[in-house]
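The primary structure of each chain is shown beneath.
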Amino acid sequence: MPRRARSVPPPQLPLELPSLRLALRVAELGSVAAAAREADLLPATATAAVRRLEAQLGAALFTRNTRALKATVEGGLFLERARHALALLDQGTAELHAPLTQVRGTLRLSVSTDLGLHVLRPMLDEFMALHPQLQLELRVSDRVSDIGREPVDVALRYGVPASGEQIVRLMADNTAVLVASPAYLERAGTPHNPTELATHHGIVLRLSGRPGHVWTLFRGEESVDIQPRVRRAADNGLLARLWALDGHGVVLKSRLDVADDLLAGRLVRVLPGYESQPYPLTMVFARGTHLSARMRALADFLHPRLQALAASVRGN
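Given the structure is predicted, the values throughout are model-derived calculations rather than measurements.

Calculation criteria
- Residues numbered from 1 in each chain as written.
- Predicted model: local features only at pLDDT ≥ 70, side-chain atom pairs only at ≥ 80, totals over all residues.
- Heavy atoms only, no water.
- Helix = DSSP H or I, 4+ residues; strand = E, 2+ residues; numbered from the N terminus.
- Buried < 20%, exposed > 50% of the residue type's maximum accessible area, 1.4 Å probe, protein only.
- Areas by Shrake-Rupley, 256 points an atom, 1.4 Å probe, with all protein chains shown as cover.
- Polar contact = N/O pair within 3.5 Å; in protein donor to acceptor, adjacent residues only side chain to side chain.
- Phe/Tyr/Trp six-rings, centres within 6.5 Å; stacked < 30°, edge-to-face > 60°.
- Lys NZ or Arg CZ within 6 Å of the ring centre and 35° of its normal.
- Salt bridge = Lys/Arg side-chain N within 4 Å of Asp/Glu carboxyl O.
- Core = buried A, V, L, I, M, F, W, Y, C linked by side-chain atoms within 4.5 Å.
- Contact = heavy atoms within 4.5 Å.
- Pairing = 2+ DSSP bridges.

Trainee: Please clarify how the overall build of the protein chain should be interpreted in this entry.
Mentor: Helix and strand counts for the protein chain come out as nine helices and 14 strands. Among the 316 residues that make up the protein chain, the fraction classed as buried is 40%. Accessible area of the protein chain: about 17700 Å², with a carbon and sulfur share of 54%.

Trainee: Please explain helix α7 (residues 237-245) as it appears in this structure.
Mentor: Residues spaced three or four apart along an α-helix face the same direction, because each turn holds 3.6 residues. When we look at burial in α7, the residues that qualify are Gly-237, Leu-238, Ala-240, Arg-241, Trp-243 and Ala-244. Put simply, Asn-236 is the residue that caps the front of α7, since its side-chain oxygen is 2.9 Å from the backbone nitrogen of Leu-238.

Trainee: Can you walk me through the packing of aromatic side chains in this structure?
Mentor: Aromatic ring pairs are reported here in terms of the distance separating the ring centres and the angle at which the planes meet. Evaluated as defined, the whole model comprises two aromatic pairs. Between Phe-127 and Phe-301 the ring centres are 5.4 Å apart and the planes differ by 50°, which places this aromatic pair in the tilted class. One end of the pair, Phe-127, is in helix α5 (residues 113-130); the other, Phe-301, is in helix α9 (residues 293-312), and 174 residues separate them in sequence. Overall, the relative accessible area of 7% leaves Phe-301 in the buried class. Centroid distance Tyr-158 to Tyr-279: 5.0 Å. Interplanar angle 15°. Geometry classified as stacked. In this pair, Tyr-158 sits in strand β5 (residues 154-158) while Tyr-279 sits in the loop between β13 (268-269) and β14 (281-286), placing the two residues 121 residues apart along the sequence. Judged by relative accessible area, which is 25%, Tyr-279 ranks as partly exposed. Arg-305 extends its terminal NZ or CZ atom over the ring of Phe-301, reaching a point 3.7 Å from the ring centre.

Trainee: Hey, could you run me through the pattern of salt bridges in this one?
Mentor: Pairs may arise between side chains of opposite charge once their charged atoms sit close together. Applying the stated rule across the entire model yields 15 salt bridges. As a salt-bridge pair, Arg-25 and Glu-28 come within 2.3 Å of each other at their nearest N and O atoms. Remark: Glu-28 and Arg-25 occur in helix α1 (residues 17-29); sequence separation between them is three residues, near one turn of the helix. Owing to a relative accessible area of 28%, Arg-25 belongs among the partly exposed residues under this scheme. Exposure remark for Glu-28: the relative accessible area of 41% places this residue in the partly exposed category. For the salt bridge of Arg-219 with Glu-222, the shortest nitrogen-to-oxygen distance reads 3.1 Å. Residue Arg-219 is classed as partly exposed on the basis of its relative accessible area of 43%. Residue classification places Glu-222 among the partly exposed residues on the basis of a relative accessible area of 35%. Taken together, the shared-partner salt bridges in this structure form one network comprising Asp-114, Arg-241, Lys-253, Asp-257, Asp-261 and Arg-266.

Trainee: Would you explain the nonpolar core in this entry?
Mentor: For soluble globular proteins, the rule of thumb is that nonpolar side chains tend to be buried together. By size, the foremost hydrophobic cluster in this structure holds 41 residues, and its most contacted members are Leu-120, Leu-156, Leu-281, Leu-298, Leu-302 and Leu-306. The leading source of residues in this core is α9, at nine residues. Residues in contact with Leu-120, not counting those within four places in the same chain, are Val-111, Leu-115, Leu-156, Leu-302 and Leu-306.

Trainee: I'm lost on the environment of Leu-15 in this one. Help?
Mentor: Structurally, Leu-15 can be placed in the segment before α1. Residues Leu-15 and Glu-54 lie 39 residues apart in sequence; the distance between their C-alpha atoms is 9.9 Å. Once you skip the residues sitting within four places of it in the chain, Leu-15 turns out to touch Leu-53, Gln-56, Leu-57 and Phe-78.

Trainee: Honestly, the environment of Arg-269 in this entry has me stumped. Any pointers?
Mentor: For Arg-269, the position within the fold is in strand β13. Using a relative accessible area of 13% as the deciding quantity, one classes Arg-269 as buried. Once residues lying within four places of it in the same chain are set aside, the contact partners of Arg-269 are Val-177, Leu-178, Val-179, Arg-255, Leu-262, Tyr-274 and Asn-316. A distance of 2.9 Å separates the side chain of Arg-269 from the backbone oxygen of Tyr-274, its partner in a polar contact.

Trainee: Would you take a moment to explain the side chain of Arg-294 for this structure?
Mentor: With respect to the helices, strands and loops of the structure, Arg-294 is situated in helix α9. Of note is the side chain of Arg-294, whose polar atom sits 2.9 Å from the backbone oxygen of Arg-104.

Trainee: Looking at this model, I keep getting lost on the sheet that holds strand β11 (residues 229-234). Mind explaining?
Mentor: Remark on secondary structure: sheet strands pair via backbone hydrogen bonds, oriented parallel or antiparallel. Pairing is mixed across the open sheet formed by five strands, whose spatial order is β11-β8-β12-β7-β13. Among the strands making up the open sheet, the edge pair consists of β11 and β13. For strand β7 (residues 176-180) and strand β12 (residues 250-254), the ladder comprises four bridges, and the chain directions are antiparallel. Across the sheet, residue Val-179 finds its bridge partner in β12, namely Val-251.

So this is what it looks like as structure tokens:
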């Protein structure tokens, strides 16, 4: 009858963190006595702590002889993982005690493509230079992510936040406007009323649930639905703007996204009396998320800059 394998008892948790930290120093110094002196302990006390930890784990961490002490193969692997785990624990403890005062750690931000790459990128570079202990993870997509489900802390969004999200701050008042390049308008003619747009090439942004083939615009209390002759469509706002810059037609874009182009004359307003309903830029986060120092700092930094950018083209 085959011999049954001896079962190894599971570790008795929770482990004693002081004993674990002591074992790490023993491995680094190669001596229980040296680690004991550093921790102001008797050698016998340190030895008992390491043996107690080994008993909890159900495995030997060190091999011992009269000349040297070194970690076992299994013990070395365990202690290396423990070293990383304790470093993360120490970092988390430090952030817990000062979450609203220290701008550090990782900021996970979601933005739309054109806004992120064209408008926010230089602002974020400046923000990162001000906070050298901060790491940035930027998720760039025109697909509206569910920040309650995706690994992001905060999102900069146009329009009204989705259900389950909270507004942290209104970043800038904004609308969408019709724009085209001077070269296109010189070639195709400048429309003077919405009806004339039917003969122009339209560039539309088509996202999930938003077909984009009808533009609803307002002039005061008057509203009008415009159905352009679509020649180019994309699911990427940056591409739609680049097509307009290249002279391929008229596009309806966020005023913030095209602010620099309007100021430089690369794009001009089409039907300047018409614009979309208010399309504000807001900072949102998932319900239940605490407002950390890095999120507060980002909002405080971006708000005046985005407000100034919006004001610079308010008359355009």
